Amino acid sequence: MDHHSDVRRPLDGIRVISLEHAIAAPFCSRQLADLGAQVIKVERPGTGDFARNYDERVDGLASHFVWTNRSKKSLCLNLKEPAAKDVLLTLLQDTDVLIQNLAPGAAARMGLSYEELTVHFPGLIVCNISGYGEDGPYRDKKAYDLLIQSESGFLSTTGFPGNDGLAKAGCSIADIAAGMYAYTNILSALILRQQTGRGSKIDVSMLESLVEWMGYPMYYAYKGAEPPPRAGASHATIYPYGPFPSGDGKSVMLGLQNEREWASFCQKTLQMPELADDPRFSSNSNRSTNRSELSAIIRNVFGKLTSEQVIQRLDDANIANGHVNDMSAVWSHPQLKARGRWTKVVSPEGTIPALLPPGSSNGFKPVMDPVPGLGQHTESILTGLGFTQEDIRGFKEQKII
């Protein structure tokens, strides 16, 4: 669906400039683009966002990059050159939001701090994304996703018991958390500006974003109490709740919440109704204590069935369950297909599949425009700002673009 639809989108007419790389800021700005904002991604001439070169998995393009950069315009500017700063300031005259996740202090050194910009652009919203925030003793520490998973305590709750049992999240959860809070903070700043007429400065820290998500384990370990034990893919305190192997080599995920479900599980899934009254398993804490015995019984029954037969029995007993899907199974997930969640976007290497953003509104359709090539829009943006062909030639000679 193109920008010329009759239906208004929430962020139509909003311009965002993003000095961004890696994941946190690009994920934030892509979601603003989904809602209709014009997002101009400022990239380094020659190399661009280093996430462009993480891998070549998507017809030669990088998996992270195609995920977080559709619907944007790519502008190459060498921000170390004073003339490039003039181009940027011209661009900012008509801009609503500036996002940056450069190294701590880099934007300020280029004269792009909120304090400096707000004098000229009082309505501008500036969003800074960093590992640890703009002050405090950790301010200048490097912060990659896995380091923040570690600092936030997230790692201490995932994986298996023991010192070698730590496991990170398989996706960049700290970057995603920071990108989501940047996105929602920018939306709230736009609403605030409607009321006050003024922009604002937003300081998003990856650490604070992920620690917010750790609220349950933190409170569970309140006043020095024992934290939830690491339990692999099982539940730390509820049993049976986790993955169990079936006879065809696939695992099935299932979870019980109460005694009524336990009785139904014994009768219809295990087909061993006598277990329901077994004192070893007569409450969740007893089942949890006697995990290994109960696990052996469940594995014995499931081992004679295929994963689909196990799921059928769980459904019959009204027990919550799920497939333990790999990526290939998610690509072909019947529910995503049935709900029409897949569409296509254009990229420099041709058309690629893309998921519609979560949360369908009946008020508008999200923008699903192409993933840009490096510097693809440099000349058209500069022309739109009133620079002549001669200016642009000069910029090229001076290696500004």
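In every chain, residue numbers begin from 1 and rise along the written sequence. A pLDDT threshold of at least 70 governs which residues receive local features in this predicted model, and a stricter bar of 80 or more applies before side-chain atom pairs are shown or counted, although totals over entire chains, interfaces and linings include all residues. Note: side-chain values were computed over all heavy atoms of the structure, leaving out hydrogens and water.

When you look at the state of the cysteines in this model, what are you seeing that I'm missing?
Among covalent bonds in proteins, the disulfide is the one between the sulfur atoms of two cysteines. Note on disulfides: each one is a pair of cysteine sulfur atoms within 2.5 Å. Across all of its chains, the model carries zero disulfides by this definition. There is no disulfide at cysteine 28, and the cysteine sulfur nearest it, in cysteine 127, is 5.6 Å away.

Before we go on, may I ask you to explain a nonpolar patch on the surface in this structure?
Side chains of Met327, Val330 and Trp331 sit close together on the surface and give an oily, nonpolar patch of about 340 Å² of accessible area. Along the chain, the position of tryptophan 331 falls in helix H15 (residues 327–331). Patch membership is restricted to residues that have no salt bridge and whose relative accessible area is over 30%. Joining uses 9 Å for like charges and 5 Å for the nonpolar side chains Val, Leu, Ile, Met, Phe, Trp and Tyr. Per-residue accessibility takes into account occlusion by the displayed protein chains alone, with areas from the Shrake-Rupley method and a 1.4 Å probe. When a carboxyl oxygen of Asp or Glu lies within 4 Å of a side-chain nitrogen of Lys or Arg, that pair is called a salt bridge. Numbering of helices and strands starts at the N terminus; helices are DSSP runs of H or I of at least 4 residues and strands are runs of E of at least 2.

I would appreciate a short explanation of the layout of surface pockets in the present structure.
Cavities and pockets are found on a 1 Å grid laid over the protein atoms alone: a cavity is a set of points where a 1.4 Å probe fits but cannot escape, a pocket is an open set with protein on both sides within 12 Å along at least five of seven lines, and a lining residue has an atom within 4 Å of such a point. Grid points are joined across faces, edges and corners, and a volume is the space filled by probe spheres set on the points. The computed volume of the second largest pocket comes to approximately 410 Å³. The wall of the second largest pocket is formed by 18 residues, among which His21, Arg44, Leu79, Leu102 and Met110 lie closest to the centre. The residue classification treats Ala, Val, Leu, Ile, Met, Phe, Trp, Tyr, Cys and Pro as nonpolar and Asp, Glu, Lys and Arg as charged. All others, Gly included, are polar. Of the residues assigned to the lining of the second largest pocket, the class counts are nine nonpolar, four polar and five charged.

Sorry, what's going on with helix H13 (residues 291–302) here?
Each α-helix winds once per 3.6 residues, and so residues spaced three or four apart point in a common direction. For a helix, the expected span equals 1.5 Å multiplied by the number of residues minus one. The terminal C-alpha atoms of H13 lie 16 Å apart, and with twelve residues this matches the ideal 16 Å at 1.5 Å per residue to within 8%. Think of it in three bands: residues with accessible area under 20% of the maximum for their type are buried, residues over 50% are exposed, and the middle band is partly exposed, with areas taken using a 1.4 Å probe on protein chains only. The complete set of buried residues in H13 reads Leu294, Ser295, Ile297, Ile298, Val301 and Phe302. Down the axis, H13 shows its buried residues gathered within 160° of arc, on one side only. The directions from the helix axis to the C-beta atoms are what the arc is built from.

I tried to follow the pairing of strand E2 (residues 38–43) on my own but got confused; where do I start?
Looking along a regular strand, one sees side chains alternate from face to face of the sheet. Buried residues dominate E2, accounting for five of its six residues. The pairing criterion is simple: DSSP has to find at least two bridges between the two strands. Bridge count for strand E1 (residues 15–19) against E2 is five bridges, and the pairing is parallel. Each bridged residue has a counterpart across the sheet, and for serine 18 the counterpart in E2 is lysine 41. Seen with its strands pointing away from the viewer, a crossover is right-handed if its path from the first strand over the helix to the second goes clockwise. Crossover handedness for the path E1 to helix H1 (residues 24–34) to E2: right-handed. Relative to strand E3 (residues 72–76), E2 runs parallel, the two being bridged by five bridges. The residue bridging glutamate 43 from the neighbouring strand is cysteine 76, located in E3. With helix H2 (residues 63–68) bridging E2 and its parallel neighbour E3, the resulting β-α-β unit is right-handed.

How should I be thinking about unusual backbone geometry in this particular structure?
Negative phi values dominate among residues other than glycine, just as trans dominates among peptide bonds. A cis geometry characterises the amide bond from tyrosine 239 onward to proline 240, with omega recorded as -10°. Position of proline 240 relative to the elements: it lies in the loop between helix H10 (215–220) and strand E7 (241–245). Even without glycine at this site, serine 71 takes up a positive phi of about 65°. With respect to the helices and strands, serine 71 occurs in the loop between H2 and E3.

What's the story with the side chain of asparagine 101 in this structure? I'm lost.
With respect to the secondary-structure elements, asparagine 101 resides in the loop between strand E4 (97–100) and helix H4 (106–109). Whenever a nitrogen or oxygen atom comes within 3.5 Å of another N or O atom, the pair is scored as a polar contact, on the condition that within protein one atom can donate a hydrogen and the other can accept it, and that pairs from neighbouring residues in sequence are kept only if both atoms are in side chains. At 2.9 Å, the side chain of asparagine 101 forms a polar contact with the backbone oxygen of histidine 21. Residues are treated as being in contact if the distance between any of their heavy atoms lies within 4.5 Å. Residues contacting asparagine 101, with those up to four places away along its chain left out, are Leu19, Glu20, His21, Ala24, Ala25, Pro26 and Ile129.

Shape is all these values report; function is a separate question.
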